[in-house]
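Take a look at the letters that make up each chain.
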Amino acid sequence: MFLSTGWKNSPTDSCDPMSCVFCDIVSGKLPAEIVWRSDDAVAFLDSRPLFPGHVLLIPTAHIATLADLPAAQVGPLFQAVQKLESAVEWALDAEGTFIAVNNRVSQSVPHLHIHILPRRKGDGLKGFFWPRRAYDSDEHLRETAEKIRRAL
């Protein structure tokens, strides 16, 4: 069900909205178990969940990454995340939730999507999905921070 289309590093290099799986869900061309909808976003159950209740929230417009989302839409989208994470936790009697966004790397569909997962102690999800790596030195830590500050 997922796209095999390759894509690069800019929104203009992303997949064609005419062939996007998530755009097809928004339009109703593909079925999905929709749990919430507004004019600007749709939330549905992931077809390959980590746990039952794993929800994906997407903008209805074809937007590839979080950086591409217009600033005026960031607040409303994350207000929907708040609403959905509370509903998922309450409805599934979960002990908490995990919220995640992939941009490009490991993003199986090049359309912005936010994962909302119910969590329970002992559920097998260990912190993050990848091994932690320390900085090489305090200098490396400071250099990394400085690079990010300059980019801002």
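Conventions used here
- Residues numbered from 1 in each chain as written.
- Predicted model: local features only at pLDDT ≥ 70, side-chain atom pairs only at ≥ 80, totals over all residues.
- Heavy atoms only, no water.
- Helix = DSSP H or I, 4+ residues; strand = E, 2+ residues; numbered from the N terminus.
- Buried < 20%, exposed > 50% of the residue type's maximum accessible area, 1.4 Å probe, protein only.
- Contact = heavy atoms within 4.5 Å.
- Salt bridge = Lys/Arg side-chain N within 4 Å of Asp/Glu carboxyl O.
- pLDDT = per-residue confidence, 0-100.
- Core = buried A, V, L, I, M, F, W, Y, C linked by side-chain atoms within 4.5 Å.
- Expected span 1.5 Å × (residues − 1).
- Polar contact = N/O pair within 3.5 Å; in protein donor to acceptor, adjacent residues only side chain to side chain.

As for the overall build of the protein chain
Okay, step 1: Across its full length, the protein chain carries three helices and five strands.
Okay, step 2: Each of the 152 residues in the protein chain was classed as buried or not, and the buried ones make up 33%.
Okay, step 3: Restricting to contacts in the protein chain with at least 6 residues of sequence separation, those with at least 24 account for 55%.

A closer look at the pattern of salt bridges
Okay, step 1: Enumeration over the complete set of coordinates arrives at three salt bridges.
Okay, step 2: Note that D123 and R119 form a salt bridge whose closest N and O atoms lie 2.6 Å from each other.
Okay, step 3: We classify D123 as partly exposed; its relative accessible area is 21%.
Okay, step 4: A residue is classified by how much of its surface remains accessible, and R119, at 19% relative accessible area, is buried.
Okay, step 5: For R150, the salt bridge identified is with E146, shortest N-O distance 3.9 Å. Of the two residues, R150 and E146 both sit in helix α3 (residues 138-151), four residues apart, roughly one turn of that helix.
Okay, step 6: Classification of R150 as exposed rests on a relative accessible area of 58%.
Okay, step 7: E146 sits in the partly exposed class, given a relative accessible area of 32%.

Considerations on the confidence of the model for the protein chain
Okay, step 1: Looking at the protein chain as a whole, the pLDDT averages 84, with 84% of positions reaching at least 70.
Okay, step 2: Note on residues 1-14: pLDDT is under 50 here. Beyond four places in sequence and across chains, it has 31 contacts.

Here's the deal with the nonpolar core
Okay, step 1: The biggest cluster of nonpolar side chains holds 14 residues, and the ones touching the most others in it are L57, L77, I114 and I116.
Okay, step 2: Elements that contribute at least two residues to this core include exactly β2 (41-45), β3 (55-59), α2 (71-91) and β5 (114-119).
Okay, step 3: When residues in this core are grouped by element, the largest group, five residues, is from α2.
Okay, step 4: Sequence-distant contacts of L77, that is, excluding residues within four places in its chain, are made with A41, L57, L69, L112 and I114.

Overview of α2
Okay, step 1: Its 21 residues place the ends of α2 31 Å apart at the C-alpha level, agreeing with the 30 Å of an ideal helix rising 1.5 Å per residue.
Okay, step 2: Buried positions along α2 lie against β1 (34-37), β2, β3, β4 (96-101) and β5.
Okay, step 3: D93, located one to two residues past α2, shows a positive phi value of around 50 degrees.

Comments concerning the environment of D46
Okay, step 1: Considering the arrangement of structural elements, one finds D46 in the loop between β2 and β3.
Okay, step 2: Spatially, the C-alpha atoms of D46 and E33 are 8.4 Å apart, while their sequence positions differ by 13 residues.
Okay, step 3: Among residues more than four places away in sequence, those in contact with D46 are H54, L56 and H115.
Okay, step 4: Here R48 takes part through its backbone nitrogen, which lies 2.7 Å from a polar atom of the side chain of D46.

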